[in-house]
Structure formats: C-alpha cells, structure tokens
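# Residue-level structure breakdown
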Amino acid sequence: MYAISLGDDGAELCPLEPWQAAEFLAHMDRGREFIGRHNGLPDVVTDLDSSRAYLQAYADKTAADTGRLFGIRAEGTLVGAVLLRTLDVAQGTAEAGCWLEPSAAGRGLVTRAVRAVIDWAVEERAVHRVDWWVSSDNEPSIAVARRLGMTKEGVLRQSYLYRGERHDEEIWSVLAPEWRAARRDRG
C-alpha cells in the first residue's frame, strides 16, 4: 500500500479500504467518546459490518470520483482520518472533514493531513473551492480551519441536530488561488 509522509515524525496519510474494516473498527473503539463529541461517525460505525459498510461507501465514492477517505497513521497505527465528504469535479467544489483519536491530538497531524488532501484536490482534481463545515462548539476543528488559511463565511444557526440537541454550524472555505498563494508563502 502506498502512503504519503506527513513529516519527520513518521506520520503518514494512506488510503482506507473495506478490507481494513477490523482495524477501522478498533480505531473507532479507541476514540469513540472523543470523536463522538462533535462527529456522528461513532454512532454509525458500531460493529464489523457497519465498519465495512462505511469503508465501502467511500470506496464507491472513490470509484465514482465523488469523495475520498484517507487514514492518518502514527507509528504504523491508524489514529484518525481525513476525507473529502463531497467532491464535485464538474463544479470544482469539495467538502473536507476529519477526526482523530485522543492519543494523537495536539501533534498537528490533522492540519498536515488536510493540507495534503487539499493540495491534491486543488492541483490534481482542479477543485476551486474547499469547504469545511464545523460545529461552533468544536474549537480544535475551527483552529484547523484557521491554520489552513480558510475564511469563515458564516454561521448556520441551530442547523445541526446531533444526539437530540441543535448546534450552530460554521462554514469555512478556501479558494484555489488563496490556497496556492498561501502554499507559496509557506515555501
């Protein structure tokens, strides 16, 4: 399997596929409570069959060129993921997202992984706009959007029903020209 280095610490970005359902479920079990604070995925991936179905849905999106899912590995262990939840090449748009288990938090893994995925979307798939939808309560994810140079476009008040409560969602985005200019500035 191929992997993309995320830096000198050995972290890697790699594909996640249905045959990895057991490993994906173990990852979700390790981070279930932490991930589930703002992300409904732990309520969806609850056993081996649902894990396989989730990974198959992204394999189907990859085949249809409408989305992608990549695992984040640290020291060989799956500790999180980055995804293009949507990918519309004809419109030049995508929505990125992520999650991470608590053992890997605070190391910049998500920022580095999302940066690699946005680079790919912009340069290889000619995506013009990448969105980042986030609960207003999810400060770590908002911090990632800021570090990526995204612009906060607005707040959808009480638009996200999650575990019986309504939450505000923020919409952040970056446009391809902004992304390229920031990449040049990074060196």
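Residues numbered from 1 in each chain as written. Predicted model: local features only at pLDDT ≥ 70, side-chain atom pairs only at ≥ 80, totals over all residues. Heavy atoms only, no water.

Per an unreviewed UniProt entry, the protein chain is named N-acetyltransferase, and its organism is Streptomyces kanamyceticus.

## Brief notes about helix α3 (residues 48–64)
For α3, spanning 17 residues, the distance from its first C-alpha to its last is 24 Å, which sits close to the expected 24 Å at 1.5 Å a residue. Burial in α3 covers these residues: Ser50, Ser51, Tyr54, Leu55 and Tyr58. Viewed along the axis of α3, the buried residues span an arc of 135 degrees, placing them on a single side of the element. The exposed residues of α3 that point more than 90 degrees off its buried face are Asp49 and Ala63. Residues of α3 that are buried in the fold lie against α1 (21–35), α2 (41–44), β3 (68–74), β4 (77–88) and β5 (93–100). Residue Asp47 occupies the N-cap position of α3, its side-chain oxygen lying 3.3 Å from the main-chain nitrogen of Asp49. (Helix = DSSP H or I, 4+ residues; strand = E, 2+ residues; numbered from the N terminus. Expected span 1.5 Å × (residues − 1). Buried < 20%, exposed > 50% of the residue type's maximum accessible area, 1.4 Å probe, protein only. Arc of directions from axis to C-beta. Contact = heavy atoms within 4.5 Å. Polar contact = N/O pair within 3.5 Å; in protein donor to acceptor, adjacent residues only side chain to side chain.)

## Notes on the sheet that holds β4
Pairing between the strands of a sheet is mediated by backbone hydrogen bonds and can be parallel or antiparallel. Pairing is mixed in the open sheet, where eight strands are placed in the order β1-β2-β3-β4-β5-β6-β8-β7. What marks the edges here is a single partner per strand, and that holds for β1 (4–5) and β7 (151–162). One ladder, built from seven bridges, connects β3 with β4; its direction is antiparallel. Pairing of Arg73 across the sheet is with Leu78, part of β4. Contacts from α1 reach β3, β4 and β5 within the one sheet, and its direction differs from that of β4 by about 90 degrees. (Pairing = 2+ DSSP bridges. Axes fitted to C-alpha atoms, helices over the stretch in contact; angles between N-to-C directions.)

## Observations concerning the packing of α1 against α3
α3 packs onto α1 with a crossing angle of 105 degrees between their chain directions and a minimal axis gap of 8 Å. The pairing of α1 with α3 is recorded here as roughly perpendicular in orientation. Side by side, α1 and α3 meet where Ala21, Ala22, Phe24 and Leu25 of the first sit next to Leu48, Ser51, Arg52, Tyr54 and Leu55 of the second. Residues of the contact of α1 with α3, tallied by class, amount to seven nonpolar, one polar and one charged. (Parallel < 35°, antiparallel > 145°, perpendicular 65-115°, else oblique. Nonpolar A, V, L, I, M, F, W, Y, C, P; charged D, E, K, R; others polar.)

## Side note on the UniProt feature "domain: N-acetyltransferase" (unreviewed entry) in the protein chain
Residues annotated in UniProt with the feature "domain: N-acetyltransferase" (unreviewed entry) correspond here to residues 11–169. Helix makes up 38% of residues 11–169 and strand 35%, and the two end C-alpha atoms of the span are 30 Å apart. (UniProt positions renumbered as here; feature names shortened; annotations may be inferred.)

## Re the layout of surface pockets
Counted as a void, the largest pocket has a volume near 930 Å³. Among the secondary structure elements, those contributing two or more residues to the lining of the largest pocket are α1, α2, α3, β4, β5, α4 (109–124), β6 (129–135) and α5 (139–147). Tallied by class, the residues present in the lining of the largest pocket amount to 21 nonpolar, 10 polar and six charged. (1 Å grid on protein atoms, 1.4 Å probe; cavity = no way out; pocket = protein on both sides within 12 Å on 5 of 7 lines; lining within 4 Å. Points joined across faces, edges and corners; volume = space filled by probe spheres on them.)

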